[in-house]
Amino acid sequence: MDFIAYIKDQLKQQPQLMWVIYSSTWSTDFLRFYRSQTNYNISKNNQSLYLELYKDKRNYGFSINDPTQAKIDAALKEALDILDKLPPDPDFVDLEDDLTLAEPREVINTIEQIPLKLKTAILNRIADAVRPYGFEIYGTFVCCHSQYRVINSNHLDKSSVSSPIFLEVKAVHKDSEVTVLENFGGEDLAKFDEQGFTSGLLRKIEHCKNPVVDVEAGEYDVILAPRCVAEFVQYLTWGMSARAYDHHESFFEDKVGVQVFPPHISITDDPTDPDMIRLDYGSDGHIYKPLKLIENGVFKAFMCDHYYHRKTGLPKNGNTGSCLSISPGESSLEEMIKSVQNGLYISSLHYMNFINMKETSITGLTRDGTFLIKDGEIVNVVNSLRFTEKIERILRNVTALENKAHITAFSDNYENFDITSIKAPHALIRNFQISSSTHTI
Amino acid sequence: MEHKIKSIIQKLDNGKIQFADARITINDSESFYFDDGFLRGFSNNIESISVGVRIMIKGCWGFAGSDDLSDASIDRMIKTAIDNAESGALFKNEVESFPALPATKAEYIFTPEIDPFKMDKEEKLDYLGKLATAIKPQGKIVYSMLVAVFKREEKFYANSEGSYSHTVYYNTMPLMQVLASDGQQNQSRTWPGDMSGGRAGFERFYHYDFENNTERIIKEATDLLTAPTVSEKKADIIIGGGHLALQLHESVGHATEADRIFGMEISYAGKTFIKPEMLGKFQYGSPVVNIYSDSTDPRGMGFHPLDDEGVPGKRVDIIRQGILKDLQSSRYIAHKLGLAPSSNMKASFADDYPLVRMTNFCLAPGKGSLAELIASTERGYLVDFTKTWSIDDNRNNFQFTTEIGYQIKDGRIVGIVKEPTYYGITQPFWNACDAVCGEEEWKFHGTFSCGKGEPGQSMLLSHGVAPARFRNVDMIVKI
């Protein structure tokens, strides 16, 4: 049964209503491994509908998983009964009206492209490569496939398909627990360079030969790996949302057009980069186009959906910061490392939380490979460290950016599982504040 | 559904399957979101069905989950779960197994005082709307929000050992927040804090006396704008119940999840500093620190008659008089460590894979009231209402900031401080605990959103705690 057609038919009898229907089918094949072996294999799928009904300024929403006609009828009846009794939202004006369609593109179903036997074969080879060095592999190898459609009473009707791959391998030393990390994300296994991926792990393992050391709290010159730059920028962009602006929680309030960072900092939300996990539409169905957030250090725009556009007057763009790209600079990574006399290389971050979002103050930890740099060379693994910083200060203290950018994939594990990617170069930061050591790897 | 789930188990009765279990969950949820006094979101999801099948073949787990309960779908799921186990076994060097348990049958139906799904919607909206209006932007308050989330879960569980359970639970999470600004800085206050979830219906709102706390949070958020910060590098702190629940959660609860010892969570949630050889020896805390996992207490959201792999609910002493005694475990991990399984395997929904999870993870009460504890504190701070939390991969180094601190001098509260931050290392911190308040202050606090596993699962769980004092704690972090 075509449930969407059925719902539209039912809603035709309620011409006074505005409405949005979100429909999705989602499936995943999820291999989780530890100690160079399978932990578990999961296959999941679900189908869901979410409807929002609006009458004047009143709105009500409901989800239906595994829909049936009976479930739809019951939910619609309940919604229509309650709608008139709800208090109005005075800031609601109307629904998304951008009808622009994305360019069609071919999407490979990666669940079909990469059966479990292929995944385990790849992992066996990687495990074999690191084993002679005393390391075992831990991580996840995920393929998802989702179809998404949004339809509203403004004649918007858009569909998109996505099928990202996520492979993250942590190589952990059996005795010392020293850890290094490699990551791949994309939309086609053909872009996965297994040899390069394995070489990357082995290169990092080379840096783990010397004893683990601790460092004191204090200010250090640090080189942030691309995934760390990506994460800091991801957190920063929470303050670039129109919602944060409206809630008076944005660092960027009153800063449109203001030079907030050095001129070599440029950040774009770019869904068109073919190396990234792309996105056709924002959550309301607005076309997703490149948006300059920071250009040569100047804050350019808030990410704004239709609702907050009407409420705040900010320009609408439909962006959500899901395809962030940080522009590269002019230095090679080797030059950056050589320029550090006494500093740190940070591979990955863990458990960050804002202390004060408006001030961009944050605390978090390093993990999966923190290294001491002495006289321009990586010399020791360092215990994981706590930092307490302001992201805006970190970006103000960027003194060099690598001359190429790398893709890092992230699996968003809270509430809704999702895979996204961010493109960033290594960055050299002066006076990064390490606040304490964990005394453990 | 009983017939359905038992028929799934019957289909799994073949020679090559070592163990199998199946779950069906039927979930209702309803949420209200007001900001600045206006209803922005009201949504529900009724009778959301999930089904999951977990199978062990050749010592390897395979799992399949779906929201489609048709026979054809279940047959596909069984085939997929078997394929997943067999394919997984190609990348496996340890064969998993565990001893059988006797079959257990159980039924438990929780009845809330006020069923939020049967309560008149207008009455519910009227009550919530009045609260939201009371905290609308005013004076220095520039933003406010009120959230109410109601959940009902009906679960059917069966396994290949003949165990079966049927349970119904209701859980409610109420929260309000105001944000004050002087144009330069923001300060916020919540009520009753982030750990507000509990096994209850709508009565949870009345339990927390929301009406009589709206003025309090408005005043405190406003006062925080001009309040000083903590000036001492080290101080004695009393941690209030809501925030102590999180401290316990992060630095003891997750640390004593035994799957972390074997690296099963390295790829996402992390590891633990705990090693098996520490059991029975490690001085985790001072002698006043007694911590237990108790899935038999029906007051908490972690109650269950059977966990999600058929282990009957139980109370397990994790730390007794400061010494680490036991761990939260699965059947396989418990077997590997020579322990009895602790009944901590849980999945958020039936189409999620069960993981080692906290249930009701509690700090046992000590003696005395909070007023008595404050009166016996010469100088220090009472800190509560979580603002920021962070802990390392091994659950060793933590740093927390609360919304407010109440300054104590000569046994009396003399003022407030903003954003008090404290930090430390888990073992010395719990060894610096010299007092835990008594039964009269002991309450369950709970969260709806403990994240773990991949694909990620948000778990509902509870912590029973009473306020406790910690001596000479590191304060002040340069930002």
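Above this text sits the structure in question.
Residues numbered from 1 in each chain as written. Chains lettered and ligands numbered in written order. Predicted model: local features only at pLDDT ≥ 70, side-chain atom pairs only at ≥ 80, totals over all residues. Heavy atoms only, no water.

**Brief notes about the overall build of chain A**
- What chain A contains, in helices and strands, is ten helices and 20 strands.
- Taken over the C-alpha trace, chain A has a radius of gyration of 24 Å; the compact-globule value for 441 residues is 22 Å, and the two agree within 12%.
- Each principal axis of the C-alpha distribution contributes one length, and for chain A these read about 75 × 55 × 35 Å.
- A burial count over chain A gives 60% of its 441 residues as buried.
- Taking contacts inside chain A between residues at least 6 apart in sequence as the whole, the part at least 24 apart equals 73%.
- A total accessible area of about 16,800 Å² is found for chain A, and carbon and sulfur atoms account for 47% of it.
- Treating the 45 positive side-chain charges of chain A as one cloud and the 61 negative ones as another, the clouds have centres 1 Å apart. (Helix = DSSP H or I, 4+ residues; strand = E, 2+ residues; numbered from the N terminus. Rg over C-alpha atoms; globule rule 2.2 N^0.38 Å. Buried < 20%, exposed > 50% of the residue type's maximum accessible area, 1.4 Å probe, protein only. Contact = heavy atoms within 4.5 Å. Areas by Shrake-Rupley, 256 points an atom, 1.4 Å probe, with all protein chains shown as cover. Lys, Arg positive; Asp, Glu negative; His and termini not counted. Charge placed at Lys NZ, Arg CZ, Asp CG, Glu CD.)

**Re the environment of Met195 of chain B**
Residues and elements named next belong to chain B.
- Examined against the element boundaries, Met195 turns out to sit in the loop between strand E7 (186-191) and strand E8 (198-199).
- On the accessibility criterion, Met195 (7% relative accessible area) is buried.
- In this structure the C-alpha to C-alpha distance between Met195 and Leu246, which are 51 residues apart in sequence, comes to 7.5 Å.
- With residues near it in sequence (within four places) discarded, Met195 still touches Tyr208, Gly242, Ala245, Leu246, His249, His445, Gly446, Thr447 and His463.

**Some thoughts on the interface of chain B and chain A**
- Contacts between the two partners involve 90 residues from chain B and, on the opposite side, 90 residues from chain A.
- At the junction of chain B with chain A, the criterion picks out 13 salt bridges.
- Of the charged contacts, one joins Arg40 of chain B and Asp91 of chain A as a salt bridge, the two residues approaching to 2.9 Å between their closest N and O atoms.
- If you look at where chain B meets chain A, you find 58 residue pairs in polar contact (both at pLDDT 80 or more).
- Among the elements that make up the side of chain B that touches chain A, the one with the highest residue count is strand E2 (residues 38-57) of chain B (eleven residues).
- Per-class residue counts for the side of chain B that touches chain A are 33 nonpolar, 32 polar and 25 charged. (Salt bridge = Lys/Arg side-chain N within 4 Å of Asp/Glu carboxyl O. Polar contact = N/O pair within 3.5 Å; in protein donor to acceptor, adjacent residues only side chain to side chain. Nonpolar A, V, L, I, M, F, W, Y, C, P; charged D, E, K, R; others polar.)

**What about the pattern of salt bridges?**
- Under the defined criterion, the tally for this structure stands at 73 salt bridges over all chains.
- Glu182 of chain A serves as the salt-bridge partner of Lys204 of chain A, at 2.9 Å between the closest nitrogen and oxygen. Linking Lys204 of chain A in helix H5 (residues 194-206) with Glu182 of chain A in strand E7 (residues 179-186), this pair joins segments that are 22 residues apart in sequence.
- Judged by relative accessible area, which is 17%, Glu182 of chain A ranks as buried.
- Where Glu94 of chain B meets Lys336 of chain B, a salt bridge forms, and the shortest distance between an N and an O atom there is 2.8 Å. In this pair, Glu94 of chain B sits in the loop between helix H2 (71-88) and strand E4 (105-109) while Lys336 of chain B sits in helix H7 (residues 331-337), placing the two residues 242 residues apart along the sequence.
- A relative accessible area of 18% means that Glu94 of chain B is categorised as buried.
- Owing to a relative accessible area of 36%, Lys336 of chain B belongs among the partly exposed residues under this scheme.
- One connected set of salt bridges, linked through shared partners, spans Lys170, Glu177, Arg367 and Asp368 of chain A together with Lys271, Lys275 and Asp393 of chain B.

**Some points on helix H1 (residues 2-11) of chain B**
Residue and element names in this part refer to chain B.
- Within H1 the residues assigned to the buried category are Ile5, Ile8 and Ile9. Take H1 and look down its axis: the buried residues cluster within an arc of 95°, on one side only. Exposed residues lying more than 90 degrees from the buried face of H1 are His3 and Gln10.
- Among the structural elements, strand E1 (19-35), E2, H2, strand E5 (141-159) and strand E6 (164-181) are those in contact with the buried residues of H1. (Arc of directions from axis to C-beta.)

**Considering the packing of H1 of chain B against H2 of chain B**
Residues and elements named next belong to chain B.
- The contact between H1 and H2 brings their axes to 11 Å, and the two run at 40°. Judged by the inter-axis angle, H1 sits oblique to H2. Here H1 and H2 pass one another in a crossing that is right-handed. Where H1 abuts H2, its residues Lys4, Ile8 and Lys11 lie against Asp71, Ile74, Asp75 and Ile78.
- Tallied by class, residues from the contact of H1 with H2 come to three nonpolar, no polar and four charged. (Axes fitted to C-alpha atoms, helices over the stretch in contact; angles between N-to-C directions. Parallel < 35°, antiparallel > 145°, perpendicular 65-115°, else oblique. Left-handed = near helix turned anticlockwise from the far one by under 90°.)

**Points about unusual backbone geometry**
- Note the cis peptide between Trp191 of chain B and Pro192 of chain B, where omega equals -5°.
- Positionally, Pro192 of chain B belongs in the loop between E7 and E8.
- Residue Pro455 of chain B is reached from Glu454 of chain B by a cis peptide bond, and omega for that bond is -5°.
- In this fold, Pro455 of chain B is placed in the loop between strand E21 (443-452) and strand E22 (457-465).
- Phi at Ser36 of chain A is positive, roughly 55°, even though this residue is not glycine.
- As for its position among the elements, Ser36 of chain A is in the loop between strand E1 (18-34) and strand E2 (37-55).
- According to the relative accessible area criterion, Ser36 of chain A is buried, its value standing at 4%.
- With a phi close to 50°, Lys58 of chain B is a non-glycine residue in the positive phi region.
- In this structure, Lys58 of chain B sits in the loop between E2 and strand E3 (60-66).

**Brief notes about the nonpolar core**
- Formed by 146 residues in total, the largest nonpolar core has its most connected members in Phe205, Tyr284, Leu363, Tyr422, Trp430 and Phe470 of chain B.
- If one sorts the elements of this core by residue count, helix H2 (residues 69-83) of chain A sits on top with six residues.
- When near neighbours in sequence (up to four residues on either side) are disregarded, Trp430 of chain B contacts Leu244, Gln247, Leu248, Ser251, Val252, Tyr284, Gly285, Ser286, Val289, Leu363 and Phe470 of chain B.
- Within the second largest apolar cluster, 103 residues are counted, among which are Ala225, Phe371 and Val381 of chain A together with Phe91 of chain B. (Core = buried A, V, L, I, M, F, W, Y, C linked by side-chain atoms within 4.5 Å.)

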